[in-house]
Structure formats: C-alpha cells, structure tokens
Amino acid sequence: MSVLAGLLKAGASFCQTARAFSTGACCQIRMHAIPALKKVDRWTEKRSMYGVYDNIGILGDFKAHPKELIIAPCWVKAFRGNELQRLTRKKRMVGDRMMTAEKLQLEKRVRFLYRRYNRTGKYR
C-alpha cells in the first residue's frame with residue numbers, strides 16, 4: 001500500500017511542476033492594423049423595403065394580407081419549403097404550359113434533388 005501511495009504522491013507532484021515547453025495555446029494574436037470599416041449601402045432595395053407591409057393591418061382595416069400584395073409567380077407566393085418541394089409545385093401548377101427544354105431541365109433537377117434528399121437529408 002505504501003508503494004502505491006508513494007507513486008500517487010510522485011504523480012501529483014509531477015503534475016504540479018511547470019512545463020519547460022510551450023503547447024502553443026497561449027500565443028497572443030498580433031494585430032498590426034485595425035481593419036477598415038466596410039462601406040455598406042443602407043438604401044439597397046432589400047433594406048429600403050423592409051417592413052413596408054407592417055402597417056397594412058392597422059391602416060387597411062385587416063382586409064388585405066401582405067402575401068396578397070407581393071408580386072411573384074404563383075408557385076412561389078407564400079410558399080415555405082425546400083427546392084424539391086418548390087419545383088414539384090411549379091411542375092404541378094405550370095408544367096403543362098412550359099416549353100419542352102425548360103420542362104426537361106426542371107425534371108432533371110427534380111430527379112437529382114429527389115436522389116440527393118433521399119440519400120442524405122434531414123428526413124431520412
């Protein structure tokens with residue numbers, strides 16, 4: 001028992017000694033110059049139109065919903081989902097009126113996404 005206690009004491013004293021070498025974790029990051037501030041355009045279309053439809057309920061007596069005022073294709077308007085769901089929705093809505101080359105590209109993309117989502121995806 002005394003041999004084991006001696007080894008434990010020796011191990012504890014070994015752990016408490018200072019290291020003679022550096023692990024590199026304490027290296028300070030040196031910055032020679034402060035980076036210049038980015039020039040940001042505050043009046044881009046996206047930023048300027050932010051919150052435009054917030055007052056429709058207040059001013060319009062809650063008769064119009066903001067999604068009805070958005071100008072977009074019918075398969076995208078008020079739609080939430082991934083690319084595969086959006087493309088299958090487009091095919092259902094306007095697939096019969098599409099040109100052959102565009103429809104072929106759409107079907108190829110749907111096949112690719114179907115395989116990809118089934119192989120690796122959140123809902124496997």
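Fair warning: this is a prediction, and the values are worked out from it, not measured in the lab. (Residues numbered from 1 in each chain as written. Predicted model: local features only at pLDDT ≥ 70, side-chain atom pairs only at ≥ 80, totals over all residues. Heavy atoms only, no water.)

Turning to the pattern of salt bridges, a few remarks are in order. Side chains that differ in sign of charge can pair as their charged atoms come close. Applying the stated criterion to the full structure yields three salt bridges. Notably, a salt bridge pairs Glu83 with Arg109, separated by 3.0 Å at the nearest N-O pair. With Glu83 in helix H5 (residues 83-94) and Arg109 in helix H6 (residues 100-119), this residue pair connects regions lying 26 residues apart in the sequence. Where Lys91 meets Glu107, a salt bridge forms, and the shortest distance between an N and an O atom there is 3.7 Å. A residue pair is termed long-range when its members are at least 10 positions apart, and Lys91 in helix H5 and Glu107 in helix H6 qualify at 16 residues. Residue Lys91 is classed as partly exposed on the basis of its relative accessible area, which comes to 35%. Exposure remark for Glu107: the relative accessible area of 23% places this residue in the partly exposed category. (Salt bridge = Lys/Arg side-chain N within 4 Å of Asp/Glu carboxyl O. Helix = DSSP H or I, 4+ residues; strand = E, 2+ residues; numbered from the N terminus. Buried < 20%, exposed > 50% of the residue type's maximum accessible area, 1.4 Å probe, protein only.)

Nothing here speaks to function; it is all geometry.
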